[in-house]
Amino acid sequence: MRTALCELLDIEQPIFQGGMAWVADASLASAVSNGGGLGIIAAMNANAEWLRNEIRRARALTQKPFGVNIMLMSPFADDVASVVADERVAVVTTGAGMPTKYMRAWLDAGVRVVPVVPSVAIARLVARSGACAVIAEGCESGGHVGELTTMTLVPQVCDAVDIPVIAAGGIADGRGVAAAFMLGAVGVQVGTRFLVARECTIHQNYKDMILAAKDIDTATAGKRLGHPVRAMRNAFMREFVRREYDASISNEELEAYGAGALRLAAREGDVKNGSVMAGQSSGLVKKEQPAAEIIREMMAEAEALLKGGGPLCG
Amino acid sequence: MVFDKVAQTLAEFKGIDAAGIAPETTFAQFELDSLDRVQLIMNLEETFGIQIDMESRIECVRDLVEIVEKQLSGGAA
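All values derive from a computational prediction rather than experimental measurement.

Asks: What am I meant to see in the layout of surface pockets here?
Replies: The rolling of a water-molecule-sized probe over the atoms marks out the regions of remaining empty space. All names here are of chain A. As a volume, the second largest pocket reaches approximately 210 Å³. Along its surface, the second largest pocket is lined by 13 residues, and T220, A221, G222, K223 and P228 are the ones closest to its centre. Mapped by element, the contributors of at least two residues to the lining of the second largest pocket are β10 (218–221) and α11 (235–244). Residues that form the lining of the second largest pocket fall into these classes: six nonpolar, three polar and four charged. Shared between two domains, the lining of the second largest pocket takes at least three residues from each, and those domains are domain 1 (4–202 + 284–303) and domain 2 (204–280).

As structure tokens, then:
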């Protein structure tokens, strides 16, 4: 299925892979790009050298365009933003903040800027600052989340900006893709389903937890800190929530408790004491597959659904 | 007067009394998260028909008033 997003970014299928910290490395990003989507390397809290190495590793693994996600709260945000411009990465996506201070440098380097937006106002602002598209991400997604759902955010962002809108949050199969297109999106960003892509290098325990998940198995925590996160409801999450509601625990202590928890789960496989970030769509994810197969399956299902919509109208 | 309109916009946004807002009232006192901050800037842009640079240093209401006045007089924010 080709949409305006495919033309804009020279990709075969209008599907982005989410820039998930400790997950989205060159291995996963290149597999998604080779499968026709846009693979994305997460710069997370890593330094410039790490990112430069991952970009070069991805270039050795794919000839197709790929992107980098900059987490704007990173202590290395300035450095990794410069790497993106120096390396002339095809696309940069941004999250957890306003990317406006970096946009001039990226645009001058020919980098396409696609910020993740949690509200209409932020979508408008980045559109006028030179973003070529936006990712409207609802709170069904894993990791850092906003307040609005995909169902409500996507159409409002579509109404507010005249650049392509990519829907994210809760999309893990062709039904989600088709629904996103009906809301006005011309692309989707998928995170949770790619957690179990064969080329995803996270620990098998993490993948197994996603594969076993039911609909109610994720929750959000951390609102008190100003940046709530969605993750699986495990022992770590329950303890985090307990501390969040304990007034005797300072925000700094709470931040410290959460530090390193995602790495512990994703790389060490401690899915009890680590943070297993994942979206509400975990319950839809049933098997480990190559990234290219995930893309093919999702897009074929979406196309069939969209073609078959006629009978609903009598 | 620019200050009065800025204070009114802030008051409406936060659901507080504009009389309690002074030029030296800091932004921190409004307890705005990042979404609120952008929404407020957009509301001010609509109120005054201007564009405000999001990278502007805004620590108190006076900073905001100066940015708006500069924009209204044709200078860059």
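Asks: Got a minute to help me understand the domain arrangement of chain A in this structure?
Replies: Often, the extent of an interface is quoted as the loss of accessible area on bringing the components together. Residues and elements named next belong to chain A. In terms of domain boundaries, chain A breaks down into domain 1 (4–202 + 284–303) and domain 2 (204–280). For domain 1 and domain 2, the distance between their C-alpha centroids amounts to 22 Å. Taken together, the contact between domain 1 and domain 2 spans 24 residues of the former and 19 residues of the latter. At the boundary of domain 1 with domain 2, total buried surface from both sides reaches about 1,900 Å², with 59% on carbon and sulfur atoms. Taken together, the connections running from domain 1 to domain 2 amount to two salt bridges. Two residues, K223 and E147, come together in a salt bridge whose shortest N-O distance is 2.8 Å. In this assembly, domain 1 and domain 2 are joined by 13 residue pairs in polar contact (both at pLDDT 80 or more). Where the side of domain 1 that touches domain 2 is concerned, the elements lending two or more residues are β7 (143–144) and α9 (192–195). Counted by class, the side of domain 1 that touches domain 2 contains twelve nonpolar, six polar and six charged residues.

Asks: Explain the interface of chain B and chain A to me, please; I cannot follow it from the model alone.
Replies: Opposite the ten residues of chain B that make contact, chain A presents ten residues. Carbon and sulfur atoms supply 66% of the area buried between chain B and chain A, which totals about 890 Å² over both sides. Three residues, B:L35, B:M42 and B:E55, lead the burial of chain B against chain A; their summed loss comes to 49% of the area buried on that side. Summed over the shared surface of chain B and chain A, the result is three residue pairs in polar contact (both at pLDDT 80 or more). Looking at the side of chain B that touches chain A, its residues break down into five nonpolar, two polar and three charged.

Conventions used here
- Residues numbered from 1 in each chain as written.
- Chains lettered and ligands numbered in written order.
- Predicted model: local features only at pLDDT ≥ 70, side-chain atom pairs only at ≥ 80, totals over all residues.
- Heavy atoms only, no water.
- 1 Å grid on protein atoms, 1.4 Å probe; cavity = no way out; pocket = protein on both sides within 12 Å on 5 of 7 lines; lining within 4 Å.
- Points joined across faces, edges and corners; volume = space filled by probe spheres on them.
- Helix = DSSP H or I, 4+ residues; strand = E, 2+ residues; numbered from the N terminus.
- Nonpolar A, V, L, I, M, F, W, Y, C, P; charged D, E, K, R; others polar.
- Domains from an automatic or database assignment.
- Contact = heavy atoms within 4.5 Å.
- Buried area = accessible area lost by both parts, 1.4 Å probe.
- Salt bridge = Lys/Arg side-chain N within 4 Å of Asp/Glu carboxyl O.
- Polar contact = N/O pair within 3.5 Å; in protein donor to acceptor, adjacent residues only side chain to side chain.

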